[in-house]
Amino acid sequence: MRFRIAIFVSLCLAIATLAASAKNKGMKYHPGDVVDEQYLKAHGHQAFFSIHSIPDTIFALMQGHSYKRDCTVARSSLRYILCLHRDDGGRSIVGEMVVNKSIAADVVEIFRRLYEAGYPIERMRLIDYWDADDERAMTANNSSSFNFRFISHTRKVSKHGMGMAIDINPLYNPYTKTLRGGKTNASAGKTIVEPAAGRPYLDRNRNFKYKITRGDLCYRLFRKYGFRWGGDWKTMKDYQHFEKP
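Computed from a predicted model, the values in this text were never measured in an experiment.

Glancing now at the sheet that holds strand β1 (residues 34-35). The four strands lie next to each other as β1-β4-β3-β2, forming an open sheet whose pairing is antiparallel. Bordering the open sheet on either side are β1 and β2 (50-53), each of which pairs with just one other strand. As paired strands, β2 and strand β3 (residues 78-86) are joined by four bridges and run antiparallel to one another. Bridging across to β3, I51 finds its partner in I81.

One finds F48, M62, F111, I166, I168 and F227 to be the most contacted residues of the largest nonpolar core, which totals 52 residues. For this core, the secondary-structure elements that each account for two or more residues are α2 (37-43), α3 (56-62), β3, β4 (92-100), α4 (104-116) and α7 (217-224). In terms of residue count, α4 provides more of this core than any other element does, seven residues in total. Grouped together as the second largest cluster of nonpolar side chains are five residues, L171, Y172, F208 and Y210 included.

A word on the sheet that holds strand β7 (residues 191-194). Judged by pairing direction, the sheet is antiparallel, and its three strands sit side by side in the order β7-β6-β9 without closing on themselves. Each edge of the sheet is formed by a strand with only one pairing partner; in this case those strands are β7 and β9 (237-238).

With that out of the way, let us pick up α7. Among all positions of α7, only C218, Y219, L221 and F222 are buried. If you follow the buried residues of α7, they end up packed against α4, β5 (165-167), β8 (228-229) and β10 (241-243). Sitting at the head of α7, D216 places a side-chain oxygen 3.2 Å from the backbone nitrogen of C218. Of the residues trailing α7, G226 is marked for its positive phi of about 90°.

Attention now moves to the pairing of strand β6 (residues 175-178). Examined bridge by bridge, β6 and β7 share four bridges and lie antiparallel to one another. In the strand pairing of β7, K177 is matched with I192. As judged from the two bridges shared by β6 and β9, these two strands associate in the antiparallel manner. Bridge pairing links Y175 to D238 in β9.

The next point concerns the confidence of the model for the chain. Chain-level pLDDT for the chain is 90 on average; 86% of the residues reach the 70-or-more range. Ignoring residues within four places in sequence, the model shows residues 2-26, a span with pLDDT below 50, making eight contacts including any to other chains.

Let us now look at the pattern of salt bridges. Throughout the structure, instances matching the rule amount to 11 salt bridges. For E109, the salt bridge goes to R112, with nearest N and O atoms at 2.4 Å. Here the residue E109 and the residue R112 both occupy positions in helix α4, the gap between them amounting to three residues, near one helical turn. The network of salt bridges with common partners includes E109, R112 and E116.

Okay, the packing of aromatic side chains next. Under the definition given, this model contains 16 aromatic pairs. Where W229 meets F242, the ring centres are 6.4 Å apart and the plane angle is 20°; that geometry is what we call stacked. With a gap of 13 residues between them, W229 in strand β8 and F242 in strand β10 connect regions that are remote in the sequence. The same class applies to W229 as to F242, namely buried. One aromatic cluster is present, formed by Y219, F222, F227, W229, Y239 and F242 through successive ring pairs. A cation sits over an aromatic face here: R204 above Y239, 4.3 Å from the ring centre.

So, how was this worked out
Residues numbered from 1 in each chain as written. Predicted model: local features only at pLDDT ≥ 70, side-chain atom pairs only at ≥ 80, totals over all residues. Heavy atoms only, no water. Pairing = 2+ DSSP bridges. Helix = DSSP H or I, 4+ residues; strand = E, 2+ residues; numbered from the N terminus. Core = buried A, V, L, I, M, F, W, Y, C linked by side-chain atoms within 4.5 Å. Buried < 20%, exposed > 50% of the residue type's maximum accessible area, 1.4 Å probe, protein only. Contact = heavy atoms within 4.5 Å. Polar contact = N/O pair within 3.5 Å; in protein donor to acceptor, adjacent residues only side chain to side chain. pLDDT = per-residue confidence, 0-100. Salt bridge = Lys/Arg side-chain N within 4 Å of Asp/Glu carboxyl O. Phe/Tyr/Trp six-rings, centres within 6.5 Å; stacked < 30°, edge-to-face > 60°. Lys NZ or Arg CZ within 6 Å of the ring centre and 35° of its normal.

Below, the structure is given as structure tokens:
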């Protein structure tokens, strides 16, 4: 009797393993890989969109970079997501991102709908590959989320520090602010642009690739799921930035 039960359990485990393998066929590709369109026609794209607890290998990569020594955000509060995105040339590319677990499902759904609509996102890799250096990652037009830090001169964790903000195509959608101050402030009137290479794209009347505009699909989807857009801010503009209040 015990032998029959053992055989039955083994058979169930084998079936479950095969089902899981079929469900995760997309994992033959890795983040950054271009997926063959014939493969997608044969297997579909749904398996490429998934949410995971932070794997050990990813957490090791994050150490000292996006997950700094003074990080106050628990690993269990974060999720590692995988998805597909299309670049301006229409190629399907495997993307990855670390976000707060409270927004993970919404973000994956947003990226799925952007992919299905052919909305272009050039690059989506962990910011740790740029040593969590925002300027370098933004200059590479890398879309990302979690990067632990406090708001300047405070002990309050920033939205990116919590994984509650997403930056999309940052080179073409830069952050900008004009400094204000009294007559004694030498920096008054100076315009900050991040990344610096994004300065040519401050003219939002121009047409160029990867541009986010108020009312486009990216804007509408993030707004639908309760995010605010930095392009709507008054005292500064952060055209790449979507955050959950």
